[in-house]
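Breakdown of the fold
Take a look at the letters that make up each chain.
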Amino acid sequence: MINRVEIKMDAKVLVRTARVSPIVMTAIVMAICFVLDRVVDLVEGGSLFYTYTLNWDYLQASLQGDIYAMDMLLNNLPASTASSFFFSTLVSLFTVVLNGGYYVYCIGIRRGAEMPYATLLDGLSVAGKLIWCWLQITVKIFLWSMLFVIPGIIAAYRYRFAYYNVLSDDSLSAGDAIRLSCRQTQGYKGELFMLDLSFIGWSLLSSLTMGLLNVWLTPYMTLCDLAYFEDAQRRLGASPYREL
């Protein structure tokens, strides 16, 4: 049985000792995503903080039980134009590729390598596969979720390792990576669920810091997730990282 406590301790050590700081790398990714989100808000809502303002107003109306105000907020959402839809889609796809580079960085530090900040661009080499993988997973999870919430959650666990597969084996197509993830997580979803459950306290604490704690929590969780990916690969009798 996988030792979750040991894995989490090892991940904490890596966050502290990696030669290129995971905290700084995560802060860079978060800053890029924050700027992109603000630009999307500006394009779609006419304000840099449109989403925050809308969510805050809706929360206040919900707490006050003001159904009329809630309905007005939803009815007055700005109509999406072709240009705003194209731009927000482009940002989403860029974020997928950026996250791919971040995963490459995390894979590297798990293997003891020195991963420079330029590693964030490594996702570009497999951008097409990452995007196609993301599109397939998004559609599959959405379709399963239409049956009920639980099948959608199970599907998310089923495809959890697909991105790691794309990044660790150049010979795999997006479809191959998804199918391999299904094999890797067969009989393993409970372990992954318990891992996620163990982070609930940290996630709640992060929300109290308006997400600032994520500069430490994100690499910590990702490194733990990669340890589970490595274990799943070994259970199949395969090397975790074939091309890296």
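Residues numbered from 1 in each chain as written. Predicted model: local features only at pLDDT ≥ 70, side-chain atom pairs only at ≥ 80, totals over all residues. Heavy atoms only, no water.

Take helix 10 (residues 189–197) next. Residues of helix 10 that are buried include every one of Glu191, Leu192 and Leu195, and no others. The buried residues of helix 10 all sit within an arc of 95° when viewed along its axis, so they share a single face. (Buried < 20%, exposed > 50% of the residue type's maximum accessible area, 1.4 Å probe, protein only. Helix = DSSP H or I, 4+ residues; strand = E, 2+ residues; numbered from the N terminus. Arc of directions from axis to C-beta.)

Put simply, the largest pocket is a space of about 430 Å³. Taken together, 18 residues form the lining of the largest pocket, with Tyr103, Arg160, Tyr163, Tyr164 and Asp225 sitting closest to its centre. Put simply, the parts of the chain that give the lining of the largest pocket at least two residues each are helix 5 (82–110), helix 6 (127–147), helix 8 (162–168), helix 10 and helix 12 (214–235). Split into classes, the residues belonging to the lining of the largest pocket amount to 12 nonpolar, 3 polar and 3 charged. Taken as a whole, the second largest pocket encloses approximately 320 Å³ of empty space. Elements supplying a minimum of two residues to the lining of the second largest pocket: helix 2 (22–45) and helix 12. Residues belonging to the lining of the second largest pocket are distributed by class as follows: 9 nonpolar, 2 polar and 2 charged. (1 Å grid on protein atoms, 1.4 Å probe; cavity = no way out; pocket = protein on both sides within 12 Å on 5 of 7 lines; lining within 4 Å. Points joined across faces, edges and corners; volume = space filled by probe spheres on them. Nonpolar A, V, L, I, M, F, W, Y, C, P; charged D, E, K, R; others polar.)

This paragraph deals with the pattern of salt bridges. Should their charged atoms come close, side chains of opposite charge can pair. Under the definition given, this model contains 7 salt bridges. Measuring nitrogen to oxygen at the nearest pair gives 4.0 Å for the salt bridge that ties Glu230 to Arg234. Of the two residues, Glu230 and Arg234 are both situated in helix 12; the distance of 4 residues between them amounts to about one turn of the helix. For Glu230, a relative accessible area of 6% gives the class buried. Connected via shared salt-bridge partners are Arg110, Glu230 and Arg234. (Salt bridge = Lys/Arg side-chain N within 4 Å of Asp/Glu carboxyl O.)

Moving on to helix 12. The terminal C-alpha atoms of helix 12 lie 31 Å apart, and with 22 residues this matches the ideal 32 Å at 1.5 Å per residue to within 8%. In terms of burial, helix 12 is largely enclosed, as 16 of its 22 residues are buried. (Expected span 1.5 Å × (residues − 1).)

Scanning all chains against the criterion turns up 10 aromatic pairs. Seen from their ring centres, Tyr157 and Phe193 are 6.5 Å apart, and the 70° between their planes marks the pair as edge-to-face. Residue Tyr157 is found in helix 7 (residues 149–158), and its partner Phe193 is found in helix 10; the two are separated by 36 residues along the sequence. With a relative accessible area of 43%, Phe193 lands in the partly exposed category. One aromatic cluster in this structure is built from Tyr103, Phe161, Tyr164 and Phe229. The lysine or arginine in question, Lys8, covers the ring of Phe199, its NZ or CZ lying 4.5 Å from the ring centre. (Phe/Tyr/Trp six-rings, centres within 6.5 Å; stacked < 30°, edge-to-face > 60°. Lys NZ or Arg CZ within 6 Å of the ring centre and 35° of its normal.)

Right, let's talk about the nonpolar core for a bit. In this structure, Tyr105, Cys133, Phe161, Tyr220 and Tyr228 are the most contacted members of the largest nonpolar core, which totals 52 residues. With 10 residues, the top contributor of residues to this core is helix 12. In contact with Tyr220, other than residues within four places in its own chain, are Lys8, Ala11, Lys12, Val15, Phe199 and Trp202. (Core = buried A, V, L, I, M, F, W, Y, C linked by side-chain atoms within 4.5 Å. Contact = heavy atoms within 4.5 Å.)

Function cannot be read off these values alone, since they describe shape.
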